[in-house]
Amino acid sequence: MKKVLFIAPHPDDEALSCGTLLKHKKYGDKVFCVYVTMSKNKTELIKKTKYIEKVQKKLNFDKYFIGKSEPTKISKKNLTNVIDFLRKIIISIKPSVLYIPNGNDIHSDHRLIYDACVTFTKSFRYNSINEVLVYETLSETNFGIRDQKKLFYPNTFVDISKFFKQKIEICKIYKSEMGSHPFPRSILSIKSNAIMRGSYANCKYAEAFMALKLLR
């Protein structure tokens, strides 16, 4: 049994990699999720909280956490607050697998939270963590062209063929974040990406990751 911690900058980021999380649960792993940011706007807060509760019923996280940072309000000046928040969770859970956002995504929250997360790749400080995997986020990773040297190059693929239908159901929960093709977060885009990643791994549907650390 592994302890898995998925770090989501915003509610809905976890849905785009939920095929892998469903697979972890299927094989008896404990899965935890951290939503680092949450809107302080009352209407938005109620809406996103309802989304999370519905996702919880589908994904059955062993526990999830919601941070106090506001979307787009994270900066280098207050990044230590994010690091401290995540550190307390990691020390408490002692995960062996860590999923983190891509450091070259177009959204500044993703980039800064990545910077916070790489702090936990130090084996001598966080020796429970054996795997650190960067995930891709449609509408963020595929537009992350700020630094050509830091483009997302997947080297790890997870066959989610048996979980793809459930993944689509979970993505649909975040209806305000979804759109019609050619919107990046459309059902067609999600399916097309899974098919393309599956072609890399010789399976029907896959999710792709970039491994930063793998201890075997």
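For the structure, see preceding data.
A short tour of the structure in this document, coming up. From a predicted model like this one, the values you see are computed outputs, not experimental measurements. Residue positions within a chain follow its written sequence, with the count starting from 1. Two thresholds apply to this predicted model, a pLDDT of at least 70 for residue-level local features and 80 or more for giving and counting side-chain atom pairs, whereas whole-chain, interface and lining totals are computed over all residues. Remark: hydrogens and water are excluded; side-chain values derive from all non-hydrogen atoms of the structure.

**Brief notes about the side chain of D13**
Next up, step 1: Numbering of helices and strands runs from the N terminus, with a helix taken as a DSSP run of H or I at least four residues long and a strand as a DSSP run of E at least two residues long. Relative to the assigned elements, D13 resides in the loop between strand 1 (3-8) and helix 1 (18-26).
Next up, step 2: There is a polar contact of 2.9 Å between the side chain of D13 and the backbone nitrogen of H10.
Next up, step 3: A polar contact of 3.4 Å, which involves the side chain of D13, links it to the side chain of R185.
Next up, step 4: Dropping the residues within four chain positions of it, D13 is found in contact with F6, A8, H110, Y135, T137 and R185. Definition of a polar contact: a pair of N or O atoms within 3.5 Å, with one able to donate and the other able to accept a hydrogen when the atoms are protein atoms, and with sequence-neighbouring residues admitted only if both atoms are side-chain atoms. We call two residues in contact whenever any of their non-hydrogen atoms come within 4.5 Å of each other.

**Focus: the environment of L212**
Next up, step 1: Its location among the elements puts L212 in strand 7 (residues 206-214).
Next up, step 2: C-alpha separation for the pair L212 and N155, spaced 57 residues apart in sequence, amounts to 9.7 Å.
Next up, step 3: Filtering out sequence-adjacent residues up to four positions away, L212 remains in contact with I100, Y114, V132 and V134.

**Here's the deal with unusual backbone geometry**
Next up, step 1: Following H181, the chain continues into P182 via a peptide bond in cis, with omega recorded as 15°.
Next up, step 2: The residue D12 is not glycine, and still its phi comes out positive at about 120°.
Next up, step 3: The topology assignment puts D12 in the loop between strand 1 and helix 1.
Next up, step 4: One non-glycine residue with positive phi stands out, namely T72, at about 70°.
Next up, step 5: On the secondary structure map, T72 appears in the loop between strand 3 (63-69) and helix 3 (79-93).
Next up, step 6: The classification of residues rests on relative accessible area computed with a 1.4 Å probe and restricted to protein chains. Under 20% of the type maximum is buried, over 50% is exposed, and intermediate values are partly exposed. By relative accessible area, T72 is classed as exposed at 53%.

**Thoughts on a positive patch on the surface**
Next up, step 1: Nonpolar side chains (Val, Leu, Ile, Met, Phe, Trp, Tyr) are joined into patches within 5 Å and like charges within 9 Å, using only residues with over 30% relative accessible area and no salt bridge. Per-residue and other accessible areas were derived by the Shrake-Rupley procedure at a 1.4 Å probe size, with only the shown protein chains allowed to occlude residues. Between Lys or Arg on one side and Asp or Glu on the other, a salt bridge is scored when a side-chain nitrogen of the former is within 4 Å of a carboxyl oxygen of the latter. Here Asp and Glu are counted as negative and Lys and Arg as positive; His is not counted, and neither are the chain ends. One atom stands in for each charge, and that atom is NZ of Lys, CZ of Arg, CG of Asp or CD of Glu. Together, K50, K54, K57 and K175 make up a region of like positive charge exposed at the surface.
Next up, step 2: Tracing the sequence through the fold places K175 in the loop between helix 5 (164-173) and helix 6 (187-201).
Next up, step 3: Overall, the relative accessible area of 62% leaves K175 in the exposed class.

**Re the pattern of salt bridges**
Next up, step 1: Within this structure, the stated rule accounts for twelve salt bridges.
Next up, step 2: Linking E44 and K47 is a salt bridge whose minimum nitrogen-to-oxygen distance equals 3.2 Å. With E44 and K47 both in helix 2 (residues 42-59), this residue pair falls three residues apart, about one helical turn.

**A look at the nonpolar core**
Next up, step 1: Only buried residues count toward a nonpolar core, which is a set of Ala, Val, Leu, Ile, Met, Phe, Trp, Tyr and Cys residues joined through side-chain atoms within 4.5 Å. In terms of nonpolar packing, the biggest core is built from 36 residues, with L21, Y35, V55, L59, F61 and Y99 touching the most fellow members.
Next up, step 2: Top element by residues in this core is helix 5. It accounts for five residues.
Next up, step 3: Excluding anything up to four places from it in sequence, V55 contacts E14, Y35, N60, F61, I170, I173 and Y174.
Next up, step 4: Ranked by size, the runner-up nonpolar core spans 28 residues in total, among them L5, V34, I100 and A208.

**Points about the packing of aromatic side chains**
Next up, step 1: In this scheme Phe, Tyr and Trp rings, the latter by its six-membered ring, pair at centre separations within 6.5 Å, and the angle between planes marks the pair as stacked below 30 degrees, edge-to-face above 60, and tilted otherwise. Scanning the model with the defined rule gives eight aromatic pairs in all.
Next up, step 2: An angle of 75° between the planes, with centres 6.2 Å apart, marks the rings of Y35 and Y64 as edge-to-face. In this pair, Y35 sits in strand 2 (residues 30-37) while Y64 sits in strand 3, placing the two residues 29 residues apart along the sequence.
Next up, step 3: Residue Y64 is classed as partly exposed on the basis of its relative accessible area, which comes to 29%.
Next up, step 4: Pairwise contacts between aromatic rings join F6, Y99, Y135 and F209 into one cluster.

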